[in-house]
Amino acid sequence: MAKKQFKAESKRLLDLMINSIYTNKEIFLREILSNASDAEDKLAYRALTDDSVGLNRGDFKVIITPDKLARTLTISDNGIGMTKEELDGNLGTICKSGSLKFKEDLANDEVKAEDIDVIGQFGVGFYSAFMVADEVTVITKAYGSDTGYKWTSTGLDGYTITECDKTGVGTDVILHIKPDTEDEKYELYLEEYRIQELVKKYSDYIRYPIQMLLHKSRQKPRPEDAGDDYKPEWEDYTEWSTMNSMVPVWQKKKDDVTQEEYNNFYQDKFGDFEAPLDTIKVSAEGAVSYDALLFVPSKTPYDFYTREYEKGLQLYSSGVLIMETCADLLPDYLRFVKGVVDTPDVSLNISREMLQQTRELKVIAKNLDKKIRGSLAKMLKDDREKYETFWKAFGTQLKYGVVSNYGMDKDNLKDLLMFLSSASEKGTTLKEYKERMPESQKYIYYACGEDAAKLGKLPQAERILDAGYEILFLTEEVDEFCMQVLGEYDGKQLKSINADDALPETDEEKKAAEEKAESGKEVLDFMKETLGEKVKDVRISRILKTHPVCMVSDGPMSIEMEKYLKRQNADMGGFKAERVLEVNADAPVFETIRSAMAADPEKAKKYVELLYCQALLIAELPLEDPSAYTDLVCSLMN
Ligand code: ADP
Ligand code: MG
């Protein structure tokens, strides 16, 4: 029978993993045990609706057997087992979901801290066995199958699968422990005390008994006829012992659990290498009772923006898993939250379709939403730096939460939002912005574009900044939609710096502006005629200070939205913002055009074209004809 090769990328990962990724080799046991527990869960779930499984909840267990002579550590479960195909698929490829990014990261062979995170998020748990074993054998029989299979691998050189005998459904994972080295005493993993320690440390909450036959010794009872010179005798005996307490961590009182336990639970259950940023424990009693243990990851999961990522919480009914990812428990804007919910109020064998309809679930979802937002608000208040980390990873989600659902959730989310601004490089909340507003400032200002550094230099920004007003720099695509949905914050209108009424004017200023427009009319008409269809309007700017021109838009679609649609390839209908060229009547070029109109109308037209192109460039809009533009500049230079 031929040896199969691991898929190429698996191979390199495996190498990395065994040799450099995990510094903490002892976690292999946690990984193997959690797989066993998953397998038990799967069969236990099956048993709820299928009598032929023939096992009761109390029958499921995991057994660990160390054998010092053979130098093997065997972990056996009576869970769902694997078919031959599953064996091949699940253990033959690491990270089946394999993403390109990850391969790119590996392309350069140096392992950096970031790589570790990436790798930690793939389904690579099983392979951690090779950190302590030089050969791994998996003997398994799937539920419903008559044949057992044996998978063997010594690591990098591939694996073999053969048929074999196996009594009973389930899986034995047999690790042949590596020889000791100077740095690492691998044989310790065969010591009962060490195994007990590791089970306690990492797998205490596993809901199935993890048992081992312990070798103990005791004093023999004193024989009745023992004389004065009797010396107590010792005898060896063995005893099965359950090493884990089996109480799910989420059912324990908050005070009885350390943060480290929570972290271990989270990292194990949700395959994250990093501790969670926030842990939220909820216990509710009343109309609907439940325990929930929720986590906010500290980094964006590698697959967060892919189709593979599933939002949802694990749903248990009195400690029995009934749904792996129950999406209805979380609103979309909190899709990054991981965790478990356990309630006695949802029936065990309820179908998934029915589940969505249940009132209990809706009540729980609503409460959790509130709790999570509350916890985030608290983080923002108490630990700014932490919140910024959170915001970097998941802030965009909350912004999408504002704009989706017809803006229904905006009031719940508005105080959690952060934006960059001219006054804060790290981001400001709307509340903080408002607190900084001078008396004279009427609006909350924002400018949209890709790069915050450029936004402050926009011609339109000058007058507002000079007035001592702050501008929010909106650099994310969703930001502008967010502003439109919000409309205002705490009584202050949100205003684009492109709006022609961005700076309120006194009656005098209004009058002066109208006069300016009147006296500039001739020039404006000339510009409009020259530019024709290219712009919807040319008008005297009320916001420009020293810069001669800027491009703004009229109507509901802004220039930034036009760019956004173009990037999304969604401009099939050729959606275009209606462009309006604003000119500064106080800028010297305005008079230059006026004089050229009389002296050399052809030249005046060129000036107008030039200004138009400059406005496009400033707005980071593409020039319709770049070479015509350079010709134009050259012809003016000559
Ligand atoms: P993950 O647990 O993150 O999916 P692993 O590398 O730990 O990744 O395991 C890969 C897959 O192998 C599991 O998803 C499961 O399908 C299968 N598997 C591993 N161990 C067992 C087991 N003891 N019983 C049944 N299936 C198992
Ligand atoms: Mg696993």
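Below, the structure is looked at part by part. Since we're looking at a predicted model, the values are computed, not measured. (Residues numbered from 1 in each chain as written. Chains lettered and ligands numbered in written order. Predicted model: local features only at pLDDT ≥ 70, side-chain atom pairs only at ≥ 80, totals over all residues. Heavy atoms only, no water.)

### Description of the nonpolar core
As a rule of thumb, soluble globular proteins bury nonpolar side chains together. Convention followed: Put simply, a nonpolar core is a bunch of buried Ala, Val, Leu, Ile, Met, Phe, Trp, Tyr and Cys residues held in one set by side-chain atoms that sit within 4.5 Å of each other. Each residue gets one of three labels from its accessible area relative to the maximum for its type: buried under 20%, exposed over 50%, partly exposed in between, using a 1.4 Å probe on protein chains only.
Grouped together as the largest cluster of nonpolar side chains are 71 residues, with contacts concentrated most on Tyr387, Phe390, Leu398 and Tyr445. Residues Leu91, Val132, Val138 and Tyr266 belong to the second largest nonpolar core, which totals 54 residues.

### Re the packing of helix α2 (residues 27–49) against helix α6 (residues 192–203)
Spelled out, the test is: For helices, the fitted line uses only the C-alpha atoms of the stretch in contact; every axis is such a line through C-alpha atoms, and the angle between N-to-C directions lies from 0 to 180 degrees. A helix here means a DSSP run of H or I that spans at least four residues, while a strand means a run of E at least two residues long, and both kinds are numbered starting from the N terminus. Angle categories: roughly parallel below 35 degrees, roughly antiparallel above 145, roughly perpendicular from 65 to 115, and oblique for all the rest. Crossings are classed by handedness, with left-handed meaning an anticlockwise turn of the near helix from the far one by less than a right angle and right-handed meaning a clockwise turn. Contacts are residue-level and defined by heavy atoms, with any inter-residue pair within 4.5 Å sufficient. In the scheme used here, Gly and all other residues not listed as nonpolar or charged are polar, with Ala, Val, Leu, Ile, Met, Phe, Trp, Tyr, Cys and Pro taken as nonpolar and Asp, Glu, Lys and Arg as charged.
At a closest axis distance of 9 Å, the pairing of α2 and α6 adopts a crossing angle of 65 degrees. Here α6 runs roughly perpendicular to α2, going by the angle between their axes. Of the two possible hands of crossing, α2 and α6 adopt the one that is right-handed. Along its contact with α2, which presents Ile27, Leu29, Arg30 and Leu33, the element α6 presents Ile195, Leu198, Val199, Tyr202 and Ser203. For the contact of α2 with α6, a count of residues per class yields seven nonpolar, one polar and one charged.

### Points about the pattern of salt bridges
Using the following cut-off: For this document, the term salt bridge refers to a Lys or Arg side-chain nitrogen within 4 Å of an Asp or Glu carboxyl oxygen.
On inspection of all chains with the given rule, the structure shows 42 salt bridges. A salt bridge links Glu197 to Arg194, with the shortest nitrogen-to-oxygen separation between them at 2.8 Å. Of this pair, Glu197 and Arg194 are both found in helix α6, three residues apart, which corresponds to roughly one turn of the helix. Under the relative-accessibility criterion, Glu197 is labelled partly exposed at 42%. Across the pair Glu235 and Arg218 runs a salt bridge whose closest N-O atoms are separated by 2.9 Å. Taken together, the positions of Glu235 in strand β8 (residues 234–242) and Arg218 in strand β7 (residues 210–219) put the pair 17 residues apart, joining distant regions of the chain. For Glu235, a relative accessible area of 24% translates into the label partly exposed.

### Describing the environment of Leu321
With respect to the helices and strands, the residue Leu321 is situated in strand β12 (residues 320–326). Assessed through its relative accessible area of 11%, Leu321 is described here as buried. The spacing of Leu321 and Tyr45 is 276 residues in sequence and 7.0 Å in space, taken between C-alpha atoms. When sequence neighbours within four positions are dropped, the list of residues in contact with Leu321 reads Asp41, Tyr45, Arg207, Gln314, Leu315 and Tyr316.

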